[in-house]
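Overview (structure and organization)
As a plain string of letters, each chain reads:
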Amino acid sequence: MYKASEAAFEAAKRVMPGGVNSPVRAFRAVGGTPFFAARGEGAYLEDIDGHRYIDYLLSWGPLIWGHAHPAIVEAVVDAARRGTSFGVPTTLETEMAEQVIRLMPSIEVVRMVNSGTEATMSALRLARAFTGRTYIVKFEGCYHGHSDSLLVKAGSGVATLGLPDSPGVPTATASSTLTLPYNDVAAAEQLFAERGEEIAGVIVEPVAGNMGCIPPVPGFLETLRRLTEEHGALLILDEVMTGFRVALGGAQERFGIRPDLTTLGKVIGGGLPVGAYGGRRDVMALVAPDGPMYQAGTLSGNPLAMAAGLASLQMLERAAKEGLYEQMQRYGQRLVDTFVGAAQARGIPATGVAIGGMFGLFFHPEPVRSYRDASQCDFAHYAAFFHGMLQKGVAFAPSQQESGFLSAVHGEREISTTEAAIREVVASL
Ligand SMILES: *Cc1c(COP(=O)(O)O)cnc(C)c1O
């Protein structure tokens, strides 16, 4: 039934670590063979064995317009015809920067990069350059890409594979990252009381999306804002996942928090590789060539990527006025309610959360608030649920410690089909 994918995976494993170019794609958390993608259209993804899935993985978040949206494809093809890379500036980059700044008012100046990892890595360097301090604070289970300083108690594939502290990261680098439990206001207060003057910056996922989907408890982000301000540290909101997804202006709009720096990725590229970091003008003034903090990229601001990103953001701006974010939230809530209801009917502990275009489904008795909670979920149940849903033509994340995603092209038909599948699969667990 998965013959083609199995053969493809065998071939891939001979030439790539684990057969993949990013660890979570190997489906280790749920066992089995990953399905190989053949094509995607709108809310649907087709694998090379001819199965068709309603896609809630959406390339791990970027595809808020679904697969191969005609306007995005056209923008990319148009750009490609004029040349795929120049190494000198294009007006498209300015247009893109203006668009990002319009949607996220805390960003006064922005630099484009090629991935979320580059964005967060550069933002940390900038926070250290600006403050002249060394220590960075991050939260357990938050994932900020794979740069050395941030591979400490990280979420996503790092958590899924149980590799909290990666070999190859120098001890000195790891020890300059201080970690705290997510949503723990008292722990943050205490750390700042003890070491506030050594801290260059706090980096946080304003809605954690890499240990499942975990919203901030009231007061958490507000406390981080206050503490960083009081102690001369920078607050970096890592909105690589939440940006343009939990609201048009990201989590900072949704929760009313103005960070010093913001990192972006995923949705910003419209499905092409883009990341960005930006924020306060006085802080960004340190970035070369205006300032001494060096950061560069041969393909940064690439015209194909800018064209896709810009088309995607312009469409989002229009769709937001027509209630896109409320619609995604309603659909996400329906999936959560159906999941929790079906599980309760079977006496299986379950909980979930929907926020804008993100959602999380957990086999856990109470709301999940921290990495500790997330790691106490029932993983065997999730694996069975995941495979059952695949068989019914619905693709969720192949790990409970990841988020689910909605797009603007998931409609009533996809949601009700998914609800019916959830009921059947949970009833058979
Ligand atoms: C995905 C993600 C990253 C890393 O982005 P890449 O493009 O995979 O390098 C960083 N931070 C958060 C919050 C993410 O979700």
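Quick summary incoming for the structure in this document. (Residues numbered from 1 in each chain as written. Predicted model: local features only at pLDDT ≥ 70, side-chain atom pairs only at ≥ 80, totals over all residues. Heavy atoms only, no water.)

1. Re the pairing of strand β5 (residues 135-139)
Burial runs high along β5: 4 of the 5 residues are buried. Here 3 bridges tie β5 to strand β7 (residues 199-204), and the two strands are oriented parallel to one another. By the bridge assignment for β7, V137 is matched with V202. Where β5 lies against strand β6 (residues 177-180), 4 bridges are found, and the strand directions are parallel. Residue pairing across strands places F139 opposite L180, the latter belonging to β6. (Buried < 20%, exposed > 50% of the residue type's maximum accessible area, 1.4 Å probe, protein only. Helix = DSSP H or I, 4+ residues; strand = E, 2+ residues; numbered from the N terminus. Pairing = 2+ DSSP bridges.)

2. Topic: unusual backbone geometry
Of note, the amide linkage connecting A288 to P289 takes the cis form, showing an omega dihedral of 10°. Look at N183: it is not a glycine, yet its phi comes out positive at around 70°. The exposure class assigned to N183 is buried, which follows from its relative accessible area of 11%. One non-glycine residue, K266, lies in the positive phi region at around 45°. Structurally, the position occupied by K266 is in the loop between β9 (261-264) and β10 (275-279).

3. Quick look at the side chain of T177
Relative to the helices and strands, T177 is located in strand β6. The exposure class assigned to T177 is buried, which follows from its relative accessible area of 6%. If near-sequence neighbours (up to four positions away) are discounted, T177 is found in contact with I136, K138, S149 and V152. (Contact = heavy atoms within 4.5 Å.)

4. What to know about the nonpolar core
By size, the foremost hydrophobic cluster in this structure holds 79 residues, and its most contacted members are F244, I268, L316, F385 and F396. Each of domain 1 (3-68 + 323-428) and domain 2 (70-320) contributes no fewer than three residues to this core. Excluding its chain neighbours within four sequence positions, the residues that come into contact with F385 are F339, L361, F363, F396, I422, V425, V426 and L429. Counting residues in hydrophobic clusters, the runner-up holds 29 residues, among them V137, I214, L235 and I257. (Core = buried A, V, L, I, M, F, W, Y, C linked by side-chain atoms within 4.5 Å. Domains from an automatic or database assignment.)

5. What to know about the packing of aromatic side chains
For the structure on display, the rule yields 15 aromatic pairs. Between F139 and F220, the ring centres sit 5.2 Å apart and the planes meet at 80°, which makes this aromatic pair edge-to-face. Linking F139 in strand β5 with F220 in helix α8 (residues 220-231), this pair joins segments that are 81 residues apart in sequence. On the basis of relative accessibility, which here comes to 0%, the residue F220 falls in the buried class. Feature note: the residues Y56, F339, F359, F363, Y382, F385 and F396 constitute an aromatic cluster, connected by ring pairs. (Phe/Tyr/Trp six-rings, centres within 6.5 Å; stacked < 30°, edge-to-face > 60°.)

6. A closer look at the site of the ligand
The local shell around the ligand consists of S115, G116, T117, Y143, H144, G145, E205, N210, D238, V240, M241 and K266. One nitrogen or oxygen atom from the side chain of K266 is found 2.6 Å from an oxygen atom belonging to the ligand. In the complex, the protein chains occlude 83% of the 380 Å² of accessible area that the ligand would expose alone. Considered class by class, the residues forming the shell around the ligand number 3 nonpolar, 6 polar and 3 charged. (Near = heavy atom within 4 Å. Polar contact = N/O pair within 3.5 Å; in protein donor to acceptor, adjacent residues only side chain to side chain. Areas by Shrake-Rupley, 256 points an atom, 1.4 Å probe, with all protein chains shown as cover. Nonpolar A, V, L, I, M, F, W, Y, C, P; charged D, E, K, R; others polar.)

7. Thoughts on the state of the cysteines
Using the criterion set out here, one finds 0 disulfides in the structure. Between C142, a free cysteine, and C213, which holds the nearest cysteine sulfur, the sulfur-to-sulfur gap is 12 Å. Summary of cysteine pairing: C377 is not part of a disulfide, and the nearest cysteine sulfur, belonging to C213, is at 12 Å. A relative accessible area of 6% places C377 in the buried class. (Disulfide = S-S within 2.5 Å.)

8. Things to note about the sheet that holds strand β12 (residues 358-362)
Strand pairing in a sheet is mediated by backbone hydrogen bonds. Such pairs are either parallel or antiparallel. Reading across the sheet, the 3 strands line up as β11-β12-β14 and stay open at both edges, with antiparallel pairing between neighbours. Single-partner strands in this sheet number two, and they are β11 (351-355) and β14 (404-405). Where β11 and β12 come together, 5 bridges link them in antiparallel fashion. Pairing of I355 across the sheet is with M358, part of β12. Docked against the sheet, helix α12 (residues 324-345) engages β11 and β12, running at close to 175° with respect to β11. (Axes fitted to C-alpha atoms, helices over the stretch in contact; angles between N-to-C directions.)

9. Thoughts on the packing of helix α3 (residues 91-103) against helix α11 (residues 303-321)
Between α3 and α11, the shortest axis-to-axis distance is 10 Å and the interhelical angle comes to 35°. Considering the relative orientation of α3 and α11, their crossing is left-handed. Contacts from L92, E93, E95, M96, Q99, V100, R102 and L103 of α3 reach α11 at P303, M306, A307, G309, L310, L313, Q314 and E317. (Left-handed = near helix turned anticlockwise from the far one by under 90°.)

These figures capture arrangement, not role.
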